[in-house]
Amino acid sequence: MRLLLCISLLMVCQLCLAKWHGDAQDIMGTKVSVALWLEDDQKAEQAVAAVMAEMRRIDEHFSPYIETSELYRANQLAPKASAKKPLSISPELAAIIDKANYYGELSDGAFDITFASLGRYYDYRNKLTPSEQQREELLPTINYRLIHLNIKNNTLWFEHPKVYIDLGGIAKGYAVDKSIEIVRSFGVKHASVTAGGDSRVIGDKLGRPWLIGIKNPRADAVAITLPLVDVAVSTSGDYERYFIDDKGERVHHIINPRTGKSTNGVNSVTIIGPLGFDTDPLSTTVFVLGAEKGMALINRLPGFDAVIIASDGKVSYSKGLAPPK
């Protein structure tokens, strides 16, 4: 009994010595934050710094706006490449494009990284949209099937000279997963990493679940709070980057690949699953598909759940989250 008591006291004392460590920085065009629990203060700070360094590395490699990034280079050279002379790319970029194309195939084009062929001409800060001439010319270039990727050889070419890709719907989820791998390598068992609307948690919050809030799309408040452990969570909303045009309509950044315009019918989609590399593209996919078709897709995918807030305010839950009748 005394031995058990001593062991218990020792464990409590060790827990008291540990504490939360974290940081928040502006990276990848959003707020990146990490919180982790570790007894070794020095190792904890190293883990936090390593996460931020990894986030910056991914941004520097896969931002379409940084002229030295690999993605920028691919957008410049892949349209000029061909089946006979494809562009060599890194295995990492190839893996991300391959995953993106998988969701393009799964959703029959609802998720499509070539949306940027036209989508890059939206300017939400200055309230500008593509001209009708640009829309007519570039809408046919929104088609993930125009991306020719050889995942074995890590080569790439675009079938149309105007094709342009953007990894904004998948890169943050990927970055969150890579960051979780890093903190685990430091021996961390309780942590949360967030990049904008993408989060992943490991372990619990020392005996309590992590509380992940889903924002009210039309108010500065949390609409739904989810208690979660060991999952990834991604939210796509029409309130992240948008403006109201002269017709009073909301123009936001989630583009429907079929129309080249902002998707209507849904205000917010939250996906819960094992990896951010999947929940990130799935949140966009479901948003574009709409509440009915999107929820049907999630209910067919093992290990994933969804919360959808439609434009009429109706909240829908997937089978794994819905309360019993």
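Quick look at the structure, then.

Criteria and thresholds
- Residues numbered from 1 in each chain as written.
- Predicted model: local features only at pLDDT ≥ 70, side-chain atom pairs only at ≥ 80, totals over all residues.
- Heavy atoms only, no water.
- Helix = DSSP H or I, 4+ residues; strand = E, 2+ residues; numbered from the N terminus.
- Rg over C-alpha atoms; globule rule 2.2 N^0.38 Å.
- Buried < 20%, exposed > 50% of the residue type's maximum accessible area, 1.4 Å probe, protein only.
- Contact = heavy atoms within 4.5 Å.
- Areas by Shrake-Rupley, 256 points an atom, 1.4 Å probe, with all protein chains shown as cover.
- Lys, Arg positive; Asp, Glu negative; His and termini not counted.
- Charge placed at Lys NZ, Arg CZ, Asp CG, Glu CD.
- Phe/Tyr/Trp six-rings, centres within 6.5 Å; stacked < 30°, edge-to-face > 60°.
- Lys NZ or Arg CZ within 6 Å of the ring centre and 35° of its normal.
- Salt bridge = Lys/Arg side-chain N within 4 Å of Asp/Glu carboxyl O.
- 1 Å grid on protein atoms, 1.4 Å probe; cavity = no way out; pocket = protein on both sides within 12 Å on 5 of 7 lines; lining within 4 Å.
- Points joined across faces, edges and corners; volume = space filled by probe spheres on them.
- Nonpolar A, V, L, I, M, F, W, Y, C, P; charged D, E, K, R; others polar.
- Pairing = 2+ DSSP bridges.
- Axes fitted to C-alpha atoms, helices over the stretch in contact; angles between N-to-C directions.

In terms of helices and strands, the protein chain carries nine helices and 17 strands. Against the globule reference of 20 Å for 325 residues, the protein chain gives a C-alpha radius of gyration of 21 Å, in line with a compact fold. Seen through its principal axes, the protein chain has C-alpha atoms that stretch 80 × 50 × 35 Å. The buried share of the protein chain, reckoned over its 325 residues, is 49%. In the protein chain, the share of contacts with a sequence separation of at least 24, taken over all contacts with a separation of at least 6, comes to 59%. As presented, the protein chain carries roughly 16600 Å² of accessible surface, and 53% of it is formed by carbon and sulfur atoms. Of the charged side chains in the protein chain, 37 are positive and 38 negative, and the gap between their average positions amounts to 2 Å.

So, about the packing of aromatic side chains. Tallied over the full model, the rule gives six aromatic pairs. Taken together through their ring pairs, the aromatic side chains of Trp20, Trp37 and Trp210 make up a single cluster. The lysine or arginine in question, arginine 120, covers the ring of tyrosine 164, its NZ or CZ lying 4.0 Å from the ring centre. For lysine 215, the ring lying beneath its charged end belongs to tyrosine 239, and the centroid distance is 4.9 Å.

Moving on, we come to the side chain of asparagine 154. Residue position: asparagine 154 is located in the loop between β4 (147–150) and β5 (155–158). Here asparagine 154 is in contact with Leu87, Ser88, Ile89, Pro91 and Ala94, once residues within four sequence places are set aside.

Tallied over the entire structure, the rule returns twelve salt bridges. Aspartate 108 is the partner of arginine 258 in a salt bridge, and the nearest nitrogen-oxygen pair spans 3.5 Å. Of this pair, arginine 258 sits in the loop between β13 (255–256) and β14 (261–262) while aspartate 108 sits in the loop between α4 (91–106) and α5 (116–119), and the two are 150 residues apart along the sequence. Of the charged contacts, one joins glutamate 137 and lysine 162 as a salt bridge, the two residues approaching to 4.0 Å between their closest N and O atoms. Here glutamate 137, found in helix α6 (residues 132–138), pairs with lysine 162, found in the loop between β5 and α7 (171–185); they are 25 residues apart in sequence, far enough to count as distant. Assessed through its relative accessible area of 42%, glutamate 137 is described here as partly exposed. A cluster of three or more residues bridged by salt bridges with shared partners is formed by Glu54, Arg57 and Glu92.

Here the largest pocket is characterised by a volume of approximately 1300 Å³. Lining the largest pocket we find 43 residues, and of these Tyr65, Gly168, Lys172, Arg241 and His253 sit closest to its centre. Looking at the lining of the largest pocket, the elements with two or more residues in it are α2 (41–62), α5, α7, β10 (231–237) and α8 (276–289). Tallied by class, residues from the lining of the largest pocket come to 19 nonpolar, 13 polar and eleven charged. Here the second largest pocket is characterised by a volume of approximately 450 Å³. As for the second largest pocket, its lining consists of 23 residues, and the residues nearest its centre are Asp245, Glu249, Arg250, Val251 and Lys261. Breaking the lining of the second largest pocket down by element, the ones donating at least two residues are α6, β12 (250–252), β14 and β15 (266–273). Residue contributions to the lining of the second largest pocket peak at three residues, all from β12. Here the residues of the lining of the second largest pocket are counted per class, giving five nonpolar, eight polar and ten charged.

Our next topic: the sheet that holds β4. In space, the three strands of this open sheet follow the order β3-β5-β4, with antiparallel pairing throughout. Edge strands, defined here as strands with exactly one partner in the open sheet, are β3 (87–88) and β4. One ladder, built from four bridges, connects β4 with β5; its direction is antiparallel. Its bridge partner lying in β5, asparagine 150 is registered against threonine 155. Running at roughly 125 degrees to β4, α4 makes contact with β4 and β5 of the sheet.

Glancing now at the sheet that holds strand β7 (residues 198–202). In spatial order, the strands read β1-β2-β6-β7-β10-β15-β16-β17; together these eight strands make up an open sheet with antiparallel pairing. A strand with exactly one partner marks an edge of an open sheet, and here the two such strands are β1 (19–27) and β17 (315–317). Strand after strand, the sheet turns through a mean of 10 degrees between neighbouring axes, direction not considered. In terms of strand pairing, strand β6 (residues 190–195) meets β7 through five bridges, oriented antiparallel. Directly across from alanine 191, in β7, lies its bridge partner isoleucine 202. Where α2 meets the sheet, it contacts β1, β2 (30–38) and β6, and its direction lies at approximately 20 degrees from that of β1. The strands touched by helix α9 (residues 291–300) are β15, β16 (305–310) and β17; relative to β16, the strand with the most contacts, the crossing angle is about 175 degrees.

What follows is about unusual backbone geometry. The backbone of asparagine 154 shows a phi angle near 55 degrees, a positive value even though the residue is not glycine. Its identity as a non-glycine residue notwithstanding, aspartate 230 has a phi of 55 degrees, on the positive side. Here aspartate 230 lies in the loop between β9 (222–228) and β10. Taking the relative accessible area as the measure of exposure, aspartate 230 reaches 44% and is therefore partly exposed.

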